[in-house]
Amino acid sequence: MRNCFGKHPPAARVSRNEDFRVREWRTLQLRRLGLSQLLAGRFAGTVDWHEVAELVERGCPPELALRIVR
């Protein structure tokens, strides 16, 4: 059923937009730690980037840190 807002009410659009922005931000954080765009984008929604950062700061290569926290 359509309403005056189109297919989805504004709150649903905002929520999806915010989810997208959060995922993009997490991807950026993982990229800054040295992961490729492909890996950062794939795991941005499933790993805690803080844990990856902690390992990288201790000298762990980014890809290995990702494997450890997965």
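A brief report on the enclosed structure follows. Here the structure is a predicted model, which is why all the values come from computation and not from measurement.

## Considering the side chain of Thr27
If you trace the backbone, Thr27 turns up in helix H1 (residues 10-32). On the accessibility criterion, Thr27 (5% relative accessible area) is buried. There is a polar contact of 2.9 Å between the side chain of Thr27 and the backbone oxygen of Arg23. With near-sequence residues (within four places) excluded, Thr27 lies in contact with Gln37, Ala40, Gly41 and Ala44.

## Describing the nonpolar core
Counting residues in each nonpolar core, the largest one holds 15 residues, and the members touching the most others are Leu30, Leu33, Val47 and Val52. Residue assignment for this core shows that the elements contributing at least two residues are helix H2 (37-43), helix H3 (49-57) and helix H4 (62-69). Excluding residues within four positions of it along the chain, Val52 makes contact with Leu30, Leu33, Val47, Ala65, Leu66 and Val69.

## A word on the packing of aromatic side chains
For any two aromatic rings, the description comes down to two numbers: the centre-to-centre distance and the angle of the planes. Counted by the stated rule, this structure contains one aromatic pair. For the pair Trp25 and Trp49, a centre-to-centre distance of 5.5 Å together with 80° between the ring planes defines the contact as edge-to-face. Separated by 24 residues along the polypeptide, Trp25 in helix H1 and Trp49 in helix H3 bring together distant segments of the chain. By relative accessible area, Trp25 is classed as partly exposed at 45%.

Rules behind the numbers
Residues numbered from 1 in each chain as written. Predicted model: local features only at pLDDT ≥ 70, side-chain atom pairs only at ≥ 80, totals over all residues. Heavy atoms only, no water. Helix = DSSP H or I, 4+ residues; strand = E, 2+ residues; numbered from the N terminus. Buried < 20%, exposed > 50% of the residue type's maximum accessible area, 1.4 Å probe, protein only. Polar contact = N/O pair within 3.5 Å; in protein donor to acceptor, adjacent residues only side chain to side chain. Contact = heavy atoms within 4.5 Å. Core = buried A, V, L, I, M, F, W, Y, C linked by side-chain atoms within 4.5 Å. Phe/Tyr/Trp six-rings, centres within 6.5 Å; stacked < 30°, edge-to-face > 60°.

Scope: geometric values only; no functional claims are made or implied.
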